[in-house]
Amino acid sequence: MGIKDKALAFSRKFKLDSHHAIERFGVFFGIFAVTGAIAISASGASAYQAERDSLSQTALYTSDFKTSKTNLDGTVDGIYANESGNKALVMMHFSPTAQISYNAADYRAFLLGSDTSLNSEPVSTSGIKGSFYAFGSTGYVGVLLNADRPFDRQVLNLTVRANAELTTPGAEQARSSGKLAGDETFSKYDQWRVFFNPGASGVQKIAALDALTFDPAQAYYEVALKETESEARDALDQKLVELRTNLTQIQSYTSDLQTTKIDGLFLRPPTVPVSITSDKITGVSAAAAKDGVSTLALQTKHVVPGGFDVNWRAGNVYDGYLDALVPAGQSYAQFFTKKRDEGSDPASQQISDMQWILSDGTSLTKDYQSSDVMMRPLMNIMNNLSQAYQNYSRNKSQYESGLLLDLLRLDVSLRDVQSNSTIRDDKDFLTTLH
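A brief structural summary. (Residues numbered from 1 in each chain as written. Predicted model: local features only at pLDDT ≥ 70, side-chain atom pairs only at ≥ 80, totals over all residues. Heavy atoms only, no water.)

**Remarks on the pairing of strand β6 (residues 129–134)**
Inference 1: For β6, the buried fraction is high: five of the six residues fall into the buried class.
Inference 2: Sheet topology note: the β6/strand β7 (residues 140–146) ladder contains six bridges and is antiparallel. The residue bridging Ser131 from the neighbouring strand is Leu144, located in β7.
Inference 3: In sequence, β6 turns back onto β7 through a hairpin of five residues, with Gly136 there showing a positive phi of about 60 degrees. (Buried < 20%, exposed > 50% of the residue type's maximum accessible area, 1.4 Å probe, protein only. Helix = DSSP H or I, 4+ residues; strand = E, 2+ residues; numbered from the N terminus. Pairing = 2+ DSSP bridges.)

**Structural notes on unusual backbone geometry**
Inference 1: Even without a glycine there, the phi angle at Asn71 is positive, about 60 degrees.
Inference 2: Note that Asn71 resides in the loop between β1 (64–66) and β2 (73–81).
Inference 3: Residue Asn71 is classed as partly exposed on the basis of its relative accessible area, which comes to 24%.
Inference 4: We note that Leu118 has phi near 65 degrees; this positive angle belongs to a residue other than glycine.
Inference 5: Looking at the secondary structure, you find Leu118 in the loop between β4 (107–114) and β5 (120–121).

**Focus: the side chain of Gln191**
Inference 1: Along the polypeptide, Gln191 turns up in strand β9 (residues 190–196).
Inference 2: Within polar-contact distance, the side chain of Gln191 engages the side chain of Arg161 at 2.8 Å.
Inference 3: Other than its neighbours up to four places away in sequence, Gln191 contacts Lys66, Thr67, Ser68, Thr159, Val160, Arg161, Thr185 and Phe186. (Polar contact = N/O pair within 3.5 Å; in protein donor to acceptor, adjacent residues only side chain to side chain. Contact = heavy atoms within 4.5 Å.)

**Some points on the packing of aromatic side chains**
Inference 1: For the structure shown, the criterion picks out 14 aromatic pairs.
Inference 2: A ring pair is formed by Phe65 and Trp192, whose centres lie 5.2 Å apart and whose planes are at 10 degrees; its orientation type is stacked. Taken together, the residues span a long stretch of sequence, with Phe65 in strand β1 and Trp192 in strand β9 at a distance of 127 residues.
Inference 3: What makes Trp192 buried here is its relative accessible area of 1%.
Inference 4: In this structure an aromatic cluster arises from ring pairing among Phe65, Phe94, Tyr107, Phe132, Trp192 and Phe429. (Phe/Tyr/Trp six-rings, centres within 6.5 Å; stacked < 30°, edge-to-face > 60°.)

**A look at the nonpolar core**
Inference 1: Leu89, Tyr220, Phe308, Trp312 and Leu364 are the most contacted members of the largest nonpolar core, which totals 64 residues.
Inference 2: Sort the elements by how many residues they give to this core and helix α9 (residues 376–420) lands first, with 17 residues.
Inference 3: The residues touching Phe308, leaving out its near neighbours within four places in the chain, are Val303, Leu325, Phe335, Phe336, Lys339, Glu400, Leu404, Leu405 and Leu408.
Inference 4: Counting residues in hydrophobic clusters, the runner-up holds 35 residues, among them Val123, Leu145, Ala162 and Val203. (Core = buried A, V, L, I, M, F, W, Y, C linked by side-chain atoms within 4.5 Å.)

**Focus: the pattern of salt bridges**
Inference 1: In this structure the tally under the stated criterion is 13 salt bridges.
Inference 2: A salt bridge links Lys69 to Glu165; the shortest N-O distance between them is 3.3 Å. Of the two residues, Lys69 is situated in the loop between β1 and β2 and Glu165 in the loop between β8 (155–162) and α3 (171–181); the sequence distance between them amounts to 96 residues.
Inference 3: We classify Lys69 as buried; its relative accessible area is 16%.
Inference 4: Here Arg340 ties to Asp341 by a salt bridge, and the two come within 3.3 Å at their closest N and O atoms.
Inference 5: If you follow the salt bridges from partner to partner, you end up with Asp323, Asp411 and Arg415 in one network. (Salt bridge = Lys/Arg side-chain N within 4 Å of Asp/Glu carboxyl O.)

**What to know about the packing of helix α5 (residues 216–259) against α9**
Inference 1: In the contact formed by α5 and α9, the axes pass within 9 Å of each other and the chain directions differ by 165 degrees. As judged from the angle between their axes, α5 and α9 are roughly antiparallel. Note on packing geometry: the crossing formed by α5 with α9 is left-handed.
Inference 2: Residue composition of the contact of α5 with α9, grouped by class: 26 nonpolar, ten polar and six charged. (Axes fitted to C-alpha atoms, helices over the stretch in contact; angles between N-to-C directions. Parallel < 35°, antiparallel > 145°, perpendicular 65-115°, else oblique. Left-handed = near helix turned anticlockwise from the far one by under 90°. Nonpolar A, V, L, I, M, F, W, Y, C, P; charged D, E, K, R; others polar.)

See below:
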């Protein structure tokens, strides 16, 4: 039997031929109905799985916010947890110049649960207690949540209310902020809202939340300063590589003074500013080190005015650098003020005033013109060496008075948190809808 005959026989058997139109319609309708049901079921299962994946992985649903009445912009740095998963820190910050209250007593919070569409529902995790931290005058604030057990994988809706308004908004601005928030309390009070999931796998673990007692300075260091410190240290290390290159250039061009002659004349080495004459870069770079760890260091007898001499590799911002720098009996504020008043670095002008004397006692810059073709080789060496000294002097100043100051500013910021942080942890701070 051929393929055509088999097809006809199949059609007659299942009543799909032209003599059984009604039966044929019923069969096809059934097939489509079953197929549609399977497709809808698969789509629903896919959506359900996607929602479960989101709850499993996504820790933060709000990256920034705006206060409803004072219209201040804020950023959510992240959601952080301890290893046990029953502590969560929502870290947020405003601009350091924003007019907010630095007193934790001026804030309270409300906690609701949400589905992945951010519709409100009861909080499923039991026994949640909350506290509010204002991290000194840095603009950073945080809400710390403690639960009886690890947080469920559920989106939480945290509303923080500021009882003290230090900025006066326009009436229209306040009305629009409340309307967008979808809650009349946003028009009545100055508050903001954050959605997050402390039970998700994407929550970052920090050591500050595993300590027996929560230390705001440690949390601030881990969240706000540690990455910035790493960037500052990388910049210092790169500047040391540049300084080493500058010294290598100086050494090479100085050697050229003895080997480049014009009719027996050569340049004598110039008098170098005492502030840089004995400088050395010791150690090896990360690229040359077997373990990939740089050990480069500047060895100098003269620190530029307003600069610092810090063994920054041996410490970190959390342990602090200022105790070893600030003289006894002097505050670090006084220390920085005196540094600021030390003036500018004279080395650059001293390099510009270098005397370039030839072997016969004449001056290359005073007794010859830059247009003298025959003297051009000596002119080139003079310009190269002078530029190398200028580059070194500029980079040394940037290293000691610029990049090291950036690192020490982080230490100052941490001290602000250590001295001036406030906390509200009474039972009335957090209201939770279970």
